[in-house]
Amino acid sequence: MGSKTVRLKVLRQDHPSKPETKRWEEFDVPWEPQMNVISALMAVRKNPVTVEGKKTTPVVWESVCLEEVCGACTMIVNGRVRQSCTALIDQISPNGEEVTLEPMTKFPLVRDLVVDRQQMFDNLKTVKAWIQLDGTHELGPAPRQAPENQEEAYPLSRCMTCGCCMEACPQINEGSDFIGPAAISQVRLFNLHPSGKMHAAERLEAVMGEGGVADCGKAQNCVEVCPKEIPLVDSIAQVSRAATKHMLFGWLLK
Amino acid sequence: MAKKSTVRSENGKVRRVIVVGGGLAGLMTVIKLCEAGVPVDLFSLVPVKRSHSVCAQGGINASVNTKGEGDSPRVHLEETVYGGDFLANQAPVKGMADAAPGIVHMLDRMGVPFNRTPEGLLDFRRFGGTLFHRTAFAGATTGQQLLYALDEQVRRYETENVEDEKGIVIKGEKMVRKFEFWDFLSLVQDENGRAVGIVAQDLKTMDIEAFPGEAVCLATGGPGIVFGKSTNSVINTGTAAAAVYQQGACYANGEFIQIHPTAIPGADKLRLISESARGEGGRVWVPKDPKESRRGKDVPEKDRDYFLEAKYPGYGNLVPRDIAARELFLKCFHDGKGVYNAKSGKNELEVYLDLTHIGEETLRRKLAGILEIYEKFVGEDPYHNPMRVFPAVHYSMGGLWVDFERRESDGGVVRGSARNQATNIEGLYAAGEVDYQYHGANRLGANSLLSCIYAGMEAGPAMATYIQTLNKSSNDLSSSLFEKAEKREKSNYNALLKMDGKENAYQLHDEMALLMLRDCTIERHNDTLDKVIEKIDEIQDRFKNVGVTDTGARANQGAQFLRHFKNMTTIARVIATGARNRDESRGAHYKPAFKTRDDENWQRSTLAFHAEQGNGRSEVKFVREFDYTVAATSFHATDKVDISLVAPRARKYETAGAASAAATGNLEDKKKDAQAHA
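Residues numbered from 1 in each chain as written. Chains lettered and ligands numbered in written order. Predicted model: local features only at pLDDT ≥ 70, side-chain atom pairs only at ≥ 80, totals over all residues. Heavy atoms only, no water.

Enquirer: I would appreciate a short explanation of the state of the cysteines in the present structure.
Expert: Each disulfide consists of one covalent bond between the sulfur atoms belonging to two cysteines. All names here are of chain A. Counted under the stated rule, the structure contains zero disulfides over all chains. No disulfide involves Cys-216; its sulfur sits 6.6 Å from the nearest other cysteine sulfur, which is in Cys-222. By relative accessible area, Cys-216 is classed as buried at 18%. (Disulfide = S-S within 2.5 Å. Buried < 20%, exposed > 50% of the residue type's maximum accessible area, 1.4 Å probe, protein only.)

In structure tokens form, the structure reads like this:
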């Protein structure tokens, strides 16, 4: 009793420009009830000593809310990209198997498990993922919306910009500038809103060129890994159809 | 005198205001500043879209009154100050309650996917401390949805150009520049103490840099991590507030810490189960038999003790949080009636929160966000099993002292006054959980999203007014001011990197947090509080012997934590000392030895200033009044609470309508409704 431990194997690197520091380090930490990857990393932080007894620096990772709404703690856990806060040790290592942690590979590395996802936020600028508000002064109620509209919009609006879909997408690689599923799904979201619709064409045009919606290879990995189960494939299909329609007939409306 | 440019300083640089913190309050402040034509530098520990506001679940209060219940801003005001046990200044609360319907409409216009009624209107649900349906919601992730809406608007301003007075675009200058993954270290102050900029650290490169700002607004949230595990995000260490407090800012009502009644125990954090679960009809109970061995769902009605409904028939499961948390705590801790665990042979510190009588379809539509959290982290189906929950540290009513200018005509607040949200350090503003203004001794559920946005709506215009009174832009001040501040912080940081003692800061944090959690939350006793304060002395002494775990030059979280932890100890002292001093019970502050509210001696704000004991230990100096300056005018501030709109009276939730007489008109209908559903 009390001696049960969890073994973490972590892929580390001190600095993006120091590939020679890339290494695996292993840690044993005491098992706790309801333990997740984050609490295991917290235990490493209190006593950063590897299984070989070598003193090392604490592992660096990113986390904020720990309840899967902020999107910060994405990493590759046992080979699969996911949020590490919901990676419960008892589920991912039911018989005490080693737990491997790696940083995402589709974004520039910062250090250890931390990567820089600025590209995803920039993509939101590209597709104008906002309502063109006149101002925050009082202008009375917004247009009414059918409950069905809200029910379609709400799941799309839960995208945390966590990067899972980008990591899993084979079209996102060094040779391509595909914008990725997350931003395309935001086009659908804002084009659904009664006032967002007024600028639908601009958003569609933003994903019609190179790196746009047509670059999707239909691997459908995105929807598999999305922690919020956002219907990303549907979004891509819908935006793709709307873009085609806009390309063929948009000029008629101008 | 020629009118000075409000956009450029004499040296031609764009004049910018600094906002620290990108949660709801910070983002709203940024938007208001941009609308006033003021460019902003926005600093945040994390990408702003990951701020702690995402964790808010249940909703946002606004008396839109679409349910025909006779709700109004006046009732909202009354119930908020009653819920806060008459410690909140009433003018700002009135301002907030009046603005609330407009705020919810604005958010709707921004695209927040609020739940709708069949007619396409906003839907509202019930929350604690009221009998009205006043809470607008987007599933059970309302905070996330509100944060995203403001984040999107701020992103839009990131793409918009700064224009000079003639409307000519200033090349390369955008309205908002974001500095994400930056840690606030301290203010830059001029010779008179005025805030003229900040020093911050890039958390990737660890570079430390001073930035001039015409004014500075802190919107950095609460200090929940002082208590170790709480419902708060790991970034909520209160470090920024602690830093400016040590630079002379007044911290008010620090002892008022909200404990949320219903959270899920966990190894790394205590995850919130929103009050909306009870707002939608959730019931709290324990088995009558303390050795009940049947599973929750198998315990029949007659063997259940619905203790909140029994003791508070008026508000039932929706009594305010301080009361609900206390009752749960007493039930488990003192009566030993928590849910029995046959394996351990113990009564756990858990009660049932039961939604199983509500249809699964309704639950999925309105509460899926929180039920998903329960499912994922507990591994149990909450649609068919009562959830097991216990209270957890949740919110700080106290925070940086901020002023307001009262509007004499109706007792509200003068919009755009440079005094609104101003701290006692000239040029420093505060908004959101980091300020102490809106909730008194206890915050009502779904008022926090509202107060964050409202405070931002006041802070932005207040700062826009303030900077127009400045004779000189911060850009034109002597550069040595900024160099000195930068040098000071670099040397502080280098000193941290050289710490090589035996103590581990994370262990020290655990030790302090354990005591704060045990002795400085729901139930407070003067003798144990004395021991907490001694412990803080001890921790601050031992801190000198801490060793830094990482000396790396990139993304050094170990060194950063040392700084945050040191700051946490000063805030812990403010909380514990404030609690020790206040010999009464009011809202979240409960002392069994002083069971009643003592208006004669304690109808006043606690005003704390930082001092040093001289040996590395902090000290708290409490005052009853002080003078401060804003826009070159001096004002006298006292600890007197503005109670000009709703006269204080005893706070009792046993009877329906106690919080506001206006609510009683609907009671008969509600009873009929309840019977029809039973």
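Enquirer: In this structure, what is going on with the domain arrangement of chain A? I would like to understand it.
Expert: Quoted interface sizes are often the accessible area lost when the parts come together. Residues and elements named next belong to chain A. Looking at chain A, the domain boundaries give domain 1 (5–115) and domain 2 (118–253). Inter-centroid distance (C-alpha atoms) of domain 1 to domain 2 is 31 Å. The interface of domain 1 with domain 2 comprises 14 residues on the first partner and 13 residues on the second. Across the interface of domain 1 and domain 2, roughly 1,100 Å² is buried in total on both sides, 57% from carbon and sulfur atoms. (Domains from an automatic or database assignment. Contact = heavy atoms within 4.5 Å. Buried area = accessible area lost by both parts, 1.4 Å probe.)

Enquirer: I would appreciate a short explanation of the domain arrangement of chain B in the present structure.
Expert: All names here are of chain B. For chain B, the domain assignment lists domain 1 (17–57 + 89–124 + 135–255 + 394–478) and domain 2 (260–393). Here domain 1 and domain 2 have C-alpha centroids that lie 34 Å from each other. Taken together, the contact pairs 22 residues of domain 1 with 23 residues of domain 2. Taken over both partners, the interface formed by domain 1 and domain 2 buries close to 1,700 Å², and the fraction arising from carbon and sulfur atoms is 55%. In terms of surface lost to domain 2, no three residues of domain 1 exceed Gln-57, Lys-229 and His-394, which account for 37% of the buried area on that side. Where domain 1 touches domain 2, the interface holds zero salt bridges. Put simply, domain 1 and domain 2 have nine residue pairs in polar contact (both at pLDDT 80 or more) between them. Of the residues assigned to the side of domain 1 that touches domain 2, the class counts are seven nonpolar, twelve polar and three charged. (Salt bridge = Lys/Arg side-chain N within 4 Å of Asp/Glu carboxyl O. Polar contact = N/O pair within 3.5 Å; in protein donor to acceptor, adjacent residues only side chain to side chain. Nonpolar A, V, L, I, M, F, W, Y, C, P; charged D, E, K, R; others polar.)

Enquirer: Explain the interface of chain A and chain B here, please?
Expert: With 77 residues of chain A at the contact, the number on the chain B side is 71 residues. Roughly 6,200 Å² is buried in total at the junction of chain A and chain B, and carbon and sulfur atoms are behind 52% of that figure. Inspection of the region where chain A meets chain B yields 39 residue pairs in polar contact (both at pLDDT 80 or more). Those elements that provide at least two residues to the side of chain A that touches chain B are helix 1 (37–46), strand 6 (109–111), helix 3 (118–126), helix 4 (147–156) and helix 6 (181–192) of chain A. (Helix = DSSP H or I, 4+ residues; strand = E, 2+ residues; numbered from the N terminus.)

Enquirer: Any chance you could explain the packing of aromatic side chains here in plain terms?
Expert: Each pair of aromatic rings is reported with the distance of its centres and the angle of its planes. All names here are of chain B. Using the criterion set out here, one finds 22 aromatic pairs over all chains in the structure. An angle of 75° between the planes, with centres 5.4 Å apart, marks the rings of Tyr-82 and Tyr-653 as edge-to-face. You can see Tyr-82 sitting in helix 2 (residues 73–83) and its partner Tyr-653 sitting in the loop between strand 27 (633–638) and helix 16 (667–677), a full 571 residues away along the chain. Both residues of the pair, Tyr-82 and Tyr-653, belong to the buried class. Seen in terms of ring centroids, Phe-543 and Phe-565 are 6.1 Å apart; in terms of plane orientation they differ by 45°. Their pairing is tilted. Taken as a pair, Phe-543 in helix 13 (residues 526–543) and Phe-565 in helix 14 (residues 557–581) lie far apart in primary sequence, 22 residues in all. Classification of Phe-543 as buried rests on a relative accessible area of 8%. On the accessibility criterion, Phe-565 (0% relative accessible area) is buried. Through pairs of rings, three or more aromatic residues link up here, namely Trp-401, Phe-609, Phe-626, Tyr-628 and Phe-635. Cation over ring: Arg-156 sits above Tyr-157, and NZ or CZ is 5.4 Å from the ring centre. (Phe/Tyr/Trp six-rings, centres within 6.5 Å; stacked < 30°, edge-to-face > 60°. Lys NZ or Arg CZ within 6 Å of the ring centre and 35° of its normal.)

Enquirer: What is the right way to look at the pairing of strand 9 (residues 182–189) of chain B in this model?
Expert: The side chains of a regular strand alternate between both faces of the sheet. All names here are of chain B. The buried count for strand 9 comes to seven of eight residues, which makes it a mostly enclosed element. Inspection of the sheet shows strand 9 paired to strand 10 (residues 195–202) by seven bridges, in the antiparallel sense. Note on strand 10: the bridge partner recorded for Phe-184 is Ala-200. In this structure, the hairpin formed by strand 9 and strand 10 is closed by a connection of five residues, where Gly-193 is found at a positive phi of approximately 90°. (Pairing = 2+ DSSP bridges.)

Enquirer: How should I be thinking about the sheet that holds strand 9 of chain B in this particular structure?
Expert: Strand pairing in a sheet relies on backbone hydrogen bonds. The paired strands run either parallel or antiparallel. Residue and element names in this part refer to chain B. If you walk across this open sheet you meet the three strands as 9-10-11, and the pairing is antiparallel. Two strands close off the open sheet at either side, each with one partner strand: strand 9 and strand 11 (208–212). With direction set aside, neighbouring strand axes in the sheet form an average angle of 25°. Contacts from helix 11 (residues 479–497) reach strand 9, strand 10 and strand 11 within the one sheet, and its direction differs from that of strand 11 by about 150°. (Axes fitted to C-alpha atoms, helices over the stretch in contact; angles between N-to-C directions.)

Enquirer: Help me understand the sheet that holds strand 4 (residues 124–126) of chain B, please; the structure alone is not making it clear to me.
Expert: All names here are of chain B. Spatial strand order, 3-5-4: three strands in an open sheet with antiparallel pairing. Across the chains shown, the open sheet's two edge strands, defined by having one partner strand only, are strand 3 (60–61) and strand 4. Relative to strand 5 (residues 133–136), strand 3 runs antiparallel, the two being bridged by two bridges. In the strand pairing of strand 5, Asn-61 is matched with Thr-135.

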